[in-house]
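Reading the structure
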Amino acid sequence: MSGLFTPADISDFLEARHKAHAELGCAPNMHFTLNDVRGMKIQPQESVAGFQEMLAAPEYRSRRLAFVAARTLARSQLMRALSSREARCFEDVAHAEAWLFAEERDSAPRRAFG
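Not measured: the values here are computed from a predicted model.

This next bit is on the sheet that holds strand β4 (residues 64-68). Strand order across the open sheet formed by 3 strands is β2-β4-β5, with parallel pairing between neighbours. Edge positions in the open sheet fall to β2 (32-36) and β5 (87-90), since each of these has one partner strand only. On average, each strand axis in the sheet is inclined to that of its neighbour by 20 degrees, with strand direction left out of account. Sheet topology places β4 next to β5; 4 bridges connect them, and they run parallel. Looking at the pairing, Val68 lines up with Phe90 of β5.

Let's shift gears to the confidence of the model for the chain. Averaged over all residues, the pLDDT of the chain equals 85, while 87% of them reach at least 70. When pLDDT is averaged over each helix and strand of the chain, the minimum, 74, is found for helix α3 (residues 73-81) and the maximum, 94, for helix α1 (residues 7-22). Below a pLDDT of 50 lies the segment residues 109-114, which in the model reaches 1 contact outside its immediate sequence neighbourhood of four places, other chains included.

In this section: the packing of α1 against helix α2 (residues 45-56). Between α1 and α2, whose axes approach to 9 Å, the crossing angle comes to 20 degrees. Compared by their axis directions, α1 and α2 come out roughly parallel. Like other packed secondary-structure pairs, α1 and α2 cross with a definite hand, here right-handed. Counting all contacts with α1, which are made through Pro7, Ile10, Phe13, Leu14 and Arg17, the residues of α2 involved are Glu46, Ser47, Gly50, Phe51 and Met54. Taken together, the residues that form the contact of α1 with α2 break down as 6 nonpolar, 2 polar and 2 charged.

Before going further, it helps to spend a moment on the environment of His31. Examined against the element boundaries, His31 turns out to sit in the loop between α1 and β2. Once the C-alpha coordinates of His31 and Arg63 are considered, the two residues, 32 residues apart in sequence, prove to be 5.5 Å apart. Ignoring sequence-local partners within four residues, the contact set of His31 consists of His21, Leu24, Cys26, Tyr60, Arg61, Ser62, Arg63 and Arg64. Looking at His31, its side chain comes within polar contact range of the side chain of Ser62, at 3.1 Å.

Within the largest apolar cluster, 15 residues are counted, with the highest numbers of intra-cluster contacts made by Val37, Phe51, Leu55, Leu65, Phe67, Leu78 and Leu82. For this core, the secondary-structure elements that each account for two or more residues are α2, β4, α3 and β5. For Phe67, the residues in contact, after removing those within four places along its chain, are Asn35, Val37, Leu78, Leu82, Arg88, Cys89 and Phe90. In terms of nonpolar packing, the next biggest core, distinct from the first, is built from 6 residues, Ala66, Phe90, Trp99 and Leu100 among them.

Parameters at a glance
- Residues numbered from 1 in each chain as written.
- Predicted model: local features only at pLDDT ≥ 70, side-chain atom pairs only at ≥ 80, totals over all residues.
- Heavy atoms only, no water.
- Pairing = 2+ DSSP bridges.
- Helix = DSSP H or I, 4+ residues; strand = E, 2+ residues; numbered from the N terminus.
- Axes fitted to C-alpha atoms, helices over the stretch in contact; angles between N-to-C directions.
- pLDDT = per-residue confidence, 0-100.
- Contact = heavy atoms within 4.5 Å.
- Parallel < 35°, antiparallel > 145°, perpendicular 65-115°, else oblique.
- Left-handed = near helix turned anticlockwise from the far one by under 90°.
- Nonpolar A, V, L, I, M, F, W, Y, C, P; charged D, E, K, R; others polar.
- Polar contact = N/O pair within 3.5 Å; in protein donor to acceptor, adjacent residues only side chain to side chain.
- Core = buried A, V, L, I, M, F, W, Y, C linked by side-chain atoms within 4.5 Å.
- Buried < 20%, exposed > 50% of the residue type's maximum accessible area, 1.4 Å probe, protein only.

So this is what it looks like as structure tokens:
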């Protein structure tokens, strides 16, 4: 995600999210989400409130939610929007993916070779 988001942009994003979730091949709330917001600008309060509302919708909750965000005021806004979510911010995609999938990797059955 990048740039500045208006209420209309957030509405369009919500519609796209609804369509994408309808196509997921897993049970509800069992998906992982990685969102790269390094290109996002500081958002107006109205947009931050829209993102907070969007992130609070229980039917779209991710099993784990990782953000790649630069150390800027936009990252501070993001952390406020996430206040009560199981989510983390990272500075690069590799670390975000490692955290997202650590639980899967740790619980995967191990094969013994001998």
